[in-house]
Amino acid sequence: MFAEIAPRYDAVNRMLSGGIDIWWRRVTVSRAAPPTTGAILDICTGTGDLALAYAAKAGPRVRVVASDFCLPMLDRGVEKSRARGLPVEWVEADAMDLPFPDATFDLVTVAFGLRNIAETERGLAEMARVCKPGGRLAILEFSLPSNPIIRRSYLWYFRNVLPRLGNAVARNHADAYSYLNQSVEEFPSGQALVELITAAGFDRVEQIPLSFGIATLSIATKGTAT
Ligand SMILES: C[S@@+](CC[C@H](N)C(=O)[O-])C[C@H]1O[C@@H](n2cnc3c(N)ncnc32)[C@H](O)[C@@H]1O
């Protein structure tokens, strides 16, 4: 499904969000700031927008690694990093079986990808395994607004307008954008997500609602005992 939408993925993102997804990633980079030295891993990186935002902000002593199991998405990321002259290491990998040793990264991130991993707990366990003790986790994910009036209007757009618009612009046959609203509505958010993050070995979980809660940034620290 992601291979099919890869060529138009960025354009569809910009159109459906009105460009606000760029700001959400900017907030992520500023709230979960890059370390001054060490390494960052962005999993389910897709076309690499979050990894590239980190590469633009991080200093020369920081290694930025971006992984995804969908090669056509990664290929777009490679093109963008070349065009912008931003050093990112692109790795084809399954988020449930990451090819990195334990405790490799100072910061592990995922944007709009955790929801797509077939087994969320396994994805989080891998993020915890490759994160250094005391290192940080940042998860940017869609959520639903808590204000009932905003929530109702948003759900209407999300269920009725977004799937049709997304599928038409992405020109895909797999109904990728019908799946989007369904997966967001079913995915754990708020306290349920905090519990999953904690169970994986992270603590000090902070949740930052963005744009009335249409997206939420969760930041946590890996416990030193894990
Ligand atoms: C909605 S896209 C998000 C892309 C990007 N992070 C962004 O912010 O636009 C989800 C990505 O997760 C990837 N993905 C889903 N399950 C995965 C898995 N088990 N291992 C690696 N990548 C996965 C897909 O290939 C896709 O590129």
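Look up: the structure comes first, before these words.
Residues numbered from 1 in each chain as written. Predicted model: local features only at pLDDT ≥ 70, side-chain atom pairs only at ≥ 80, totals over all residues. Heavy atoms only, no water.

A. Spotlight on the overall build of the protein chain. When helices and strands are tallied, the protein chain shows 9 helices and 7 strands. Radius of gyration (C-alpha) of the protein chain: 17 Å, near the 17 Å computed for a compact globule of 226 residues. For the protein chain, the spread of C-alpha atoms along the principal axes amounts to about 45 × 40 × 30 Å. Scored against the burial criterion, the 226 residues of the protein chain give a buried share of 54%. Sequence-distant contacts in the protein chain: of pairs separated by 6 or more residues, those separated by 24 or more amount to 70%. With an accessible surface of roughly 10400 Å², the protein chain has 55% of that area assigned to carbon and sulfur atoms. The positive charge centre, built from 24 side chains, and the negative charge centre, built from 24, are 8 Å apart in the protein chain. (Helix = DSSP H or I, 4+ residues; strand = E, 2+ residues; numbered from the N terminus. Rg over C-alpha atoms; globule rule 2.2 N^0.38 Å. Buried < 20%, exposed > 50% of the residue type's maximum accessible area, 1.4 Å probe, protein only. Contact = heavy atoms within 4.5 Å. Areas by Shrake-Rupley, 256 points an atom, 1.4 Å probe, with all protein chains shown as cover. Lys, Arg positive; Asp, Glu negative; His and termini not counted. Charge placed at Lys NZ, Arg CZ, Asp CG, Glu CD.)

B. View of the packing of helix H2 (residues 9–17) against helix H7 (residues 148–170). H7 packs onto H2 with a crossing angle of 150 degrees between their chain directions and a minimal axis gap of 10 Å. In terms of their interaxial angle, H2 and H7 are classed as roughly antiparallel. Judged by the twist between their axes, the crossing of H2 over H7 is right-handed. Between H2, through Val12, Met15 and Leu16, and H7, the contact on the second element is made entirely by Tyr157, Leu162, Leu165, Gly166, Val169 and Ala170. (Axes fitted to C-alpha atoms, helices over the stretch in contact; angles between N-to-C directions. Parallel < 35°, antiparallel > 145°, perpendicular 65-115°, else oblique. Left-handed = near helix turned anticlockwise from the far one by under 90°.)

C. Layout of the sheet that holds strand E2 (residues 62–68). Across the sheet, 7 strands lie side by side as E3-E2-E1-E4-E5-E7-E6; this open sheet has mixed pairing. If you trace the sheet from one side to the other, it starts and ends with strand E3 (89–92) and strand E6 (202–210), each paired once. This sheet shows a mean twist of 20 degrees between the axes of neighbouring strands, independent of strand direction. In this structure, E2 lies alongside E3, joined through 4 bridges in parallel fashion. Across the sheet, residue Asp68 finds its bridge partner in E3, namely Glu92. Together, E2 and E3 form the strand contacts of helix H5 (residues 71–84), whose direction differs from that of E3 by roughly 175 degrees. (Pairing = 2+ DSSP bridges.)

D. Representation of the layout of surface pockets. Reported here for the largest pocket is a volume of approximately 830 Å³. Along the wall of the largest pocket there are 45 residues; nearest its centre are Phe2, Tyr9, Phe112, Arg115 and Asn116. Elements with a minimum of two residues in the lining of the largest pocket: helix H1 (2–5), H2, helix H3 (20–31), helix H4 (49–57), E2, H7 and helix H8 (176–186). The residue inventory of the lining of the largest pocket, partitioned by class, reads 29 nonpolar, 9 polar and 7 charged. (1 Å grid on protein atoms, 1.4 Å probe; cavity = no way out; pocket = protein on both sides within 12 Å on 5 of 7 lines; lining within 4 Å. Points joined across faces, edges and corners; volume = space filled by probe spheres on them. Nonpolar A, V, L, I, M, F, W, Y, C, P; charged D, E, K, R; others polar.)

E. Representation of the site of the ligand in the model. Neighbouring the ligand are 18 residues, the closest being Tyr9, Cys44, Asp68, Ala95 and Ala111. Between an oxygen atom of the ligand and a side-chain N or O atom of Arg25, the distance comes to 2.9 Å. Between a nitrogen atom of the ligand and a main-chain N or O atom of Cys44, the distance comes to 2.8 Å. Against a free-state accessible area of 600 Å², the protein chains account for coverage of 97% of the ligand. A majority-of-atoms criterion places the ligand in the largest pocket. Looking at the shell around the ligand residue by residue, the class counts come to 11 nonpolar, 4 polar and 3 charged. (Near = heavy atom within 4 Å. Polar contact = N/O pair within 3.5 Å; in protein donor to acceptor, adjacent residues only side chain to side chain. Sits in = over half its atoms within 2 Å of the grid points.)

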